[in-house]
Amino acid sequence: MIETDILIIGAGPTGLFTVFEAGLLKLKCHLIDALPQPGGQCSELYPKKPIYDIPGFPEVLAGDLVDNLMEQIKPFQPGFTLGERAEEIEKLEDGTFIVTTNKGTKHHANAVAIAGGLGSFEPRKPQIEGIENYEDHGVAYMIKDPETFRDKKVVIAGGGDSALDWSIFLANVAQEVTLVHRREEFRGALDSVEKVQELVTQNKINLITPAEVTDVKGSDKVESVTITIHDEAKRFQEIECDAFVPLFGLSPKLGPIANWGLEIEKNAIKVDNTLDYQTNIAGIYAIGDVNTYPGKLKLILCGFHEATLMCQSVYQRMNPNKKYVLKYTTVGGIDGFDGSRKEAEKAVIKKIGS
């Protein structure tokens, strides 16, 4: 059983920043995310795309924002359960909660903060008959451990940042990498497109466009794929491979959270925004893009604000007879759970003149 003060469901920017605000209040956090790494959409869908509306950053890459948030919360030593989806919740008689993931990992917390962005992400699967028979047997919709593909023949399908980035990375890991895209143009970072072109020239990546994978073959695991090439002749090509990785993005869904008894409106969780973004179940909060209330704006900076007020509410919930006195970090500094301390330099007291 993992014990924590606040259990955060969703490790996107809002969930990560919650760790910082909770840490200032001496509250421990643990995060659950279905993705294999922190960062949510920023890490999985557009790590190299710039964001322009983060205060203090005229421009910051989504991946860099996540890296900065991870560095910011490091002193507060958050725990992570990654690659698992929050499945069931139980409210105990003392008002605390037990949340169990789809893999059976149990978490016990005083409060639950749902910061799942647009929900848990499910991979967009290609319309290939029987592909489900090869899932976990050569077909993967996201890459958790690149070493799985060491010295193997890999076919990647897709035209976005994920397909480009993983093709580049696996070019130095796999025995053979083939990138298939239905168009000749790619929608990804320019430097990634240029790097793929360079690796194609060096024969480190096989590029097939405009084309798509239309069949997967093999006895008990992937042994080959059939590629339909969309030229005038509409040719078919079969390629031997050990793995097929279609990277067509992720589709957001509330998933099992929709069955937790929360008030739902248009696939979002209704909250009381007049105070603390609490749901209709005391002790369960929803912050960031996953929630809805009058005037709601789905912006990262709004999620940061909601996280701050929510943490204050949890503090009062856990310390009903104690009043928290807000101190600016410029005055009070930051005391990490790891023993570290950050504070402004003390003013120099010195007499002027004789």
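Residue numbers here run from 1 along each chain, matching the order of that chain's written sequence. Only residues with pLDDT of at least 70 are given local features in this predicted model, and only at 80 or more are side-chain atom pairs given and counted; all residues enter the totals for whole chains, interfaces and linings. By convention in this description, side-chain values take in all heavy atoms of the structure and omit both hydrogens and water.

**Focus: helix 5 (residues 190-201)**
Applicable threshold: By the criteria applied, helices consist of DSSP H or I runs no shorter than four residues and strands consist of E runs no shorter than two, each listed in order from the N terminus. An expected span of 1.5 Å times one less than the residue number is assigned to each helix. Burial classes follow relative accessibility: with a 1.4 Å probe on protein chains only, a residue under 20% of its type's maximum area counts as buried, one over 50% as exposed, and anything between as partly exposed. What the arc describes is the spread of directions from the helix axis to the C-beta atoms. Only heavy atoms enter the contact rule, under which two residues are in contact if any of them lie within 4.5 Å.
Spanning twelve residues, helix 5 covers 17 Å between terminal C-alpha atoms, matching the ideal 16 Å at 1.5 Å per step. Those residues of helix 5 lying buried are Ser192, Val196 and Leu199. One face of helix 5 carries all of its buried residues, which in axial projection span an arc of 65 degrees. Facing away from the buried surface of helix 5 by more than 90 degrees, the exposed residues are Leu190 and Thr201. Those residues of helix 5 hidden inside the fold are in contact with helix 4 (161-170) and strand 11 (176-180). Remark: Asn203 follows helix 5 within two positions and exhibits a positive phi of approximately 60 degrees.

**Side note on a positive patch on the surface**
Keep this limit in mind: Residues forming no salt bridge and having over 30% relative accessible area are the ones grouped into patches, like charges within 9 Å of each other and nonpolar side chains (Val, Leu, Ile, Met, Phe, Trp, Tyr) within 5 Å. Computed with the Shrake-Rupley method and a 1.4 Å probe, the accessible areas treat only the protein chains shown as cover for residues. Salt bridge, as used here: a side-chain nitrogen of Lys or Arg that lies within 4 Å of a carboxyl oxygen of Asp or Glu. Counting rule applied: Lys, Arg positive; Asp, Glu negative; His and chain ends not counted. To locate a charge, take NZ of a lysine, CZ of an arginine, CG of an aspartate or CD of a glutamate.
The grouping of Lys49, Arg182, Arg183 and Arg187 at the surface amounts to a positive patch. Along the chain, Arg187 falls in the loop between strand 11 and helix 5.

**Some points on helix 6 (residues 300-318)**
Between its first and last C-alpha, helix 6 extends 27 Å over 19 residues, near the 27 Å set by a 1.5 Å rise per residue. Listed as buried for helix 6 are Cys302, Gly303, Phe304, Glu306, Ala307, Met310, Cys311, Ser313, Val314 and Tyr315. Residues of helix 6 that are buried in the fold lie against strand 1 (2-9), helix 1 (13-24), helix 3 (62-73), strand 8 (106-114), strand 20 (284-286) and strand 21 (291-292).

**Let's talk about the pattern of salt bridges**
Scanning the entire structure with this criterion turns up 13 salt bridges. Residues Glu147 and Arg150 are paired through a salt bridge, measuring 2.7 Å at the closest nitrogen-oxygen approach. The exposure class assigned to Glu147 is partly exposed, which follows from its relative accessible area of 43%. A relative accessible area of 36% means that Arg150 is categorised as partly exposed. Here the salt bridges do not stand alone but share partners, grouping Lys26, Asp335, Arg341 and Glu343 into one network.

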